[in-house]
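Analysis of the macromolecular model
The chain contents come next:
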Amino acid sequence: MSDSTRVDFLVMGAGVGGLRAAVELAGHGEVLVVTKESVAESNTHYAQGGIAVALEGEHDVALHLEDTINAGDGLVYGPAAEALVKEGPERVAELIGWGAHFDSESGQLLRTREGAHSLPRILHANGDATGAEISRALVTFARASSRIRFAEWTMVTGLVTADGRVVAADLASASPDPSDPPSISRVSARAVLIAAGGAGQVYSDTTNPAVATGDGIALAAKAGAELADMEFYQFHPTAFSLPGAPRFLISEALRGEGAWLRNHAGERFMERYHPRLELAPRDVVARAIAREGISPDGSSLPVYLDMRHVRSVNPRERFPGISAFLAGHKLDLSRDLIPVRPAAHYLMGGIRTDLGGRTSVGGLYAAGEAACTGVHGANRLASNSLLEGLVFGDRAARSIVADHLDAQRPDAPPPSTARLSSAEESEIDSLIGRLQSSMWANAGLLRDDTALRIGLSTQSEIAERVAALAASGKWSRTLAEAQSLAVVGRAILTSALARTESRGAHFRNDFPRRDDACFQKHSFVSRDSRIVFQEW
């Protein structure tokens, strides 16, 4: 890519939100989709369970809306949820028309049920590879457009503002090859859309891929955009839990098909926590597993997922990806108890936007997990995230077109920089690991004032050292990711510290009850990092 490039629209992220937006924008100009690795490496690609959509008419839509609001624990922004469930069927029908193949039988789409859903409405593909199929279909459709270009293994390193609006973005090679020169190019655009996914890598235990370091959220905050609801990080209840093994996602769809949870004594325990048992909202199930996994002396106890009794489905056919992963660890769903524990999974907060993806900074838009419309409230309803990407990716693109922003020629890009030394890279890796461990220990499923303040102190110390390394003028992908994680970590910690109640995914041991009188409001991170609570 040349040092100076101009496009009509720049999209950061190649997941469902970014690609859906790119397809819409291509009808109105040239689109550049920037992705940190290959187009296949995104949270979308790894989504297993499915996509929630109401396909049975108005009554089904009304129930989907009710389930979404109930799961959000009093904080769902109603108009956003209405847009999601009402426009969802049309967006999914488009996706099928563009070549996405969902599992069906005798010409009828198969549907399953997941936690907090009142009825089966989850479409799935290839058993447990729904995200991969959606990603495949969107990438294929987008690549067929002569107006959409992809910049793979490329990282957005900064947003360029002029006259109060974003007018360009700086890009750098994100190749893992240390010999790759870190040259910087500047791309001007009429609008920039951030659809770069979440930030699960801020925690030591996460189901997210390595690319999920909150880069888009951090860049938007640096450009002056407001963040919202950053304390609400959803921890998926059932990630694989064996020492040394990755926190591989064990889909909620297994519980939708009848799997049970058992503690170390072999007892089913969800009846003590929620009337919907294993199909309770995710925050309830995750905390129940966390509590069952701690002995009276504070040591860890195993918790298991049990599908041995389920005869209605063949686990290897229904969940081929999960079955193949477990086989690598000599485990079988139909024969064995599967050890599980919660892991960071999905950020309900993010860059605050309106229902059209507009942020508080002109020329800058956001969609998908990087954005916060209030649609999930304090706790996301299972399988609403892929639908969110489709609906709000489309909405953001339509807003960009309707706003008719002109392109502006920005200043020249900054000069190329030198790479960090191997010793500095090693230090950055160590700092990231320390931040991740601190966030898990101090801002995980169960929080309190003391732990959050310890976490904030650790984050501040790490952020200061990362900033010092960045001030040297050198650059690397790892350093840029460390900067992003530090920004996201601080936003989570300060927001969690300010919300002195328990709601949805945010649980305070020192304030265990919901406080509607003071906190049935959304948290916003202001430009000076203060936390304010307001109605949406």
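Structure shown above.
Fair warning: this is a prediction, and the values are worked out from it, not measured in the lab.

**Describing the overall build of the chain**
On a plain count of helices and strands, the chain comes out with 15 helices and 23 strands. In terms of overall dimensions, the chain is globule-like: its C-alpha atoms have a radius of gyration of 22 Å, near the 24 Å expected for 536 residues. When its C-alpha atoms are laid out on the principal axes, the chain stretches across 65 × 55 × 50 Å. Out of the 536 residues belonging to the chain, those deemed buried represent 60%. The contacts in the chain between residues at least 6 apart in sequence include a share of 72% that link residues at least 24 apart. Entry remark: accessible area of the chain is about 19,900 Å², with carbon and sulfur atoms responsible for 50%. Of note, the chain has its 54 positive side-chain charges centred 1 Å away from the centre of its 65 negative side-chain charges.

**Points about the side chain of E257**
Position of E257 among the secondary structure elements: in the loop between α7 (253-256) and β16 (260-262). At 3.3 Å, the side chain of E257 forms a polar contact with the side chain of T112.

**Some points on the pairing of strand β13 (residues 191-194)**
Residues A191 and L193 point to one face of β13 and V192 and I194 to the other, with burial holding for every one of them. Two strands pair when backbone bridges link them, and strand β2 (residues 9-12) and β13 are joined in this way by four bridges, in the parallel orientation. Along β13, the bridge assignment pairs V11 with L193. When β13 meets strand β20 (residues 364-366), the two strands line up parallel, connected through three bridges. Counterpart to V192 in the pairing with β20 is L364.

**Side note on the layout of surface pockets**
Volume-wise, the second largest pocket comes out at about 940 Å³. Residue lining of the second largest pocket: 40 residues in total, with T157, A218, L219, K222 and Q483 positioned closest to the centre. The set of elements that each furnish at least two residues to the lining of the second largest pocket consists of β10 (154-162), α6 (215-222), α13 (449-470) and α14 (477-498). Per-element accounting of the lining of the second largest pocket gives the leading share, nine residues, to α14. When the residues that make up the lining of the second largest pocket are grouped by side-chain class, the tally is 23 nonpolar, eleven polar and six charged.

**Section: the sheet that holds strand β14 (residues 227-228)**
The strand order β21-β19-β14-β22-β23 describes an open sheet built from five strands, whose pairing is mixed. Here the strands that pair on one side only, and so sit at the sheet edges, are β21 (371-372) and β23 (531-534). Alignment of strand β19 (residues 350-352) against β21, held across two bridges, turns out to be parallel. Looking at β21, one finds that I351 is bridged to A371. Of the strands in this sheet, β14 and β19 touch α6, which is tilted by about 40° from β19.

**Digging into empty space enclosed by the protein**
If you walk through the whole model with that rule in mind, you get one cavity of 30 Å³ or more. Lining the largest cavity, in full, are Y233, Q234, F235, R282, D283, A286, R287, N379, L445 and A505. Elements represented by at least two residues in the lining of the largest cavity include exactly β15 (233-240) and α8 (282-292). Residues that form the lining of the largest cavity fall into these classes: five nonpolar, two polar and three charged.

**Details of the pattern of salt bridges**
Oppositely charged side chains are able to pair whenever their charged atoms sit close together. For the structure on display, the rule yields 47 salt bridges. Notably, a salt bridge pairs D60 with R121, separated by 3.9 Å at the nearest N-O pair. Placement of the pair is D60 in helix α3 (residues 58-71) and R121 in the loop between β7 (111-112) and β8 (122-123), with a sequence separation of 61 residues. Pair check on accessibility: D60 and R121 agree, each one buried. It is possible to trace a salt-bridge network through shared partners that takes in R20, E24, E90, R91, E94, D394 and R398.

**Quick look at the packing of aromatic side chains**
All told, the structure shown has twelve aromatic pairs when counted by the stated rule. Aromatic pair Y203 and W440: ring centres 6.3 Å apart, planes at 85°, arrangement edge-to-face. On the criterion of sequence distance, the pair formed by Y203 in the loop between β13 and α6 and W440 in helix α12 (residues 422-442) is long-range, its members being 237 residues apart. Exposure remark for Y203: the relative accessible area of 0% places this residue in the buried category.

**Re the sheet that holds β7**
Spatially, the three strands line up as an open sheet ordered β4-β8-β7, and their pairing is antiparallel. Looking at which strands have only one partner, the edges of the open sheet turn out to be β4 (51-52) and β7. As judged from the two bridges shared by β7 and β8, these two strands associate in the antiparallel manner. Residue pairing for β8: R111 is matched across the bridge by L123.

**Some words on unusual backbone geometry**
The phi angle at S106 is positive, at roughly 55°, despite the residue not being glycine. You can see S106 is positioned in the loop between β5 (104-105) and β6 (108-109). Here the phi dihedral of W153 falls at roughly 50°; this positive angle occurs in a residue that is not glycine. Within the secondary structure, W153 sits in the loop between β9 (148-151) and β10.

**With respect to the packing of α3 against helix α4 (residues 78-97)**
At a minimum axis distance of 9 Å, the contact between α3 and α4 shows a crossing angle of 140°. As far as their axial angle goes, α4 and α3 are oblique. Remark: the crossing between α3 and α4 carries right-handed chirality. Packed against α3, whose contacting residues are V61, H64, L65 and T68, the element α4 presents A81, E82, V85 and K86 at the interface. Across the contact of α3 with α4, the residue classes tally to four nonpolar, two polar and two charged.

**Side note on α12**
Its 21 residues place the ends of α12 30 Å apart at the C-alpha level, agreeing with the 30 Å of an ideal helix rising 1.5 Å per residue. For α12, the secondary structure elements touched by its buried residues are α13 and α14.

**Digging into α3**
The end-to-end C-alpha distance of α3, which contains 14 residues, comes to 20 Å, matching closely the 20 Å that a straight helix rising 1.5 Å per residue would cover. Taken together, the buried positions of α3 are D60, V61, L63, H64, L65, D67, T68 and A71. On its buried face, α3 sits against β4, α4 and α11 (385-403). D73, located one to two residues past α3, shows a positive phi value of around 55°.

Parameters and conventions
Residues numbered from 1 in each chain as written. Predicted model: local features only at pLDDT ≥ 70, side-chain atom pairs only at ≥ 80, totals over all residues. Heavy atoms only, no water. Helix = DSSP H or I, 4+ residues; strand = E, 2+ residues; numbered from the N terminus. Rg over C-alpha atoms; globule rule 2.2 N^0.38 Å. Buried < 20%, exposed > 50% of the residue type's maximum accessible area, 1.4 Å probe, protein only. Contact = heavy atoms within 4.5 Å. Areas by Shrake-Rupley, 256 points an atom, 1.4 Å probe, with all protein chains shown as cover. Lys, Arg positive; Asp, Glu negative; His and termini not counted. Charge placed at Lys NZ, Arg CZ, Asp CG, Glu CD. Polar contact = N/O pair within 3.5 Å; in protein donor to acceptor, adjacent residues only side chain to side chain. Pairing = 2+ DSSP bridges. 1 Å grid on protein atoms, 1.4 Å probe; cavity = no way out; pocket = protein on both sides within 12 Å on 5 of 7 lines; lining within 4 Å. Points joined across faces, edges and corners; volume = space filled by probe spheres on them. Nonpolar A, V, L, I, M, F, W, Y, C, P; charged D, E, K, R; others polar. Axes fitted to C-alpha atoms, helices over the stretch in contact; angles between N-to-C directions. Salt bridge = Lys/Arg side-chain N within 4 Å of Asp/Glu carboxyl O. Phe/Tyr/Trp six-rings, centres within 6.5 Å; stacked < 30°, edge-to-face > 60°. Parallel < 35°, antiparallel > 145°, perpendicular 65-115°, else oblique. Left-handed = near helix turned anticlockwise from the far one by under 90°. Expected span 1.5 Å × (residues − 1).

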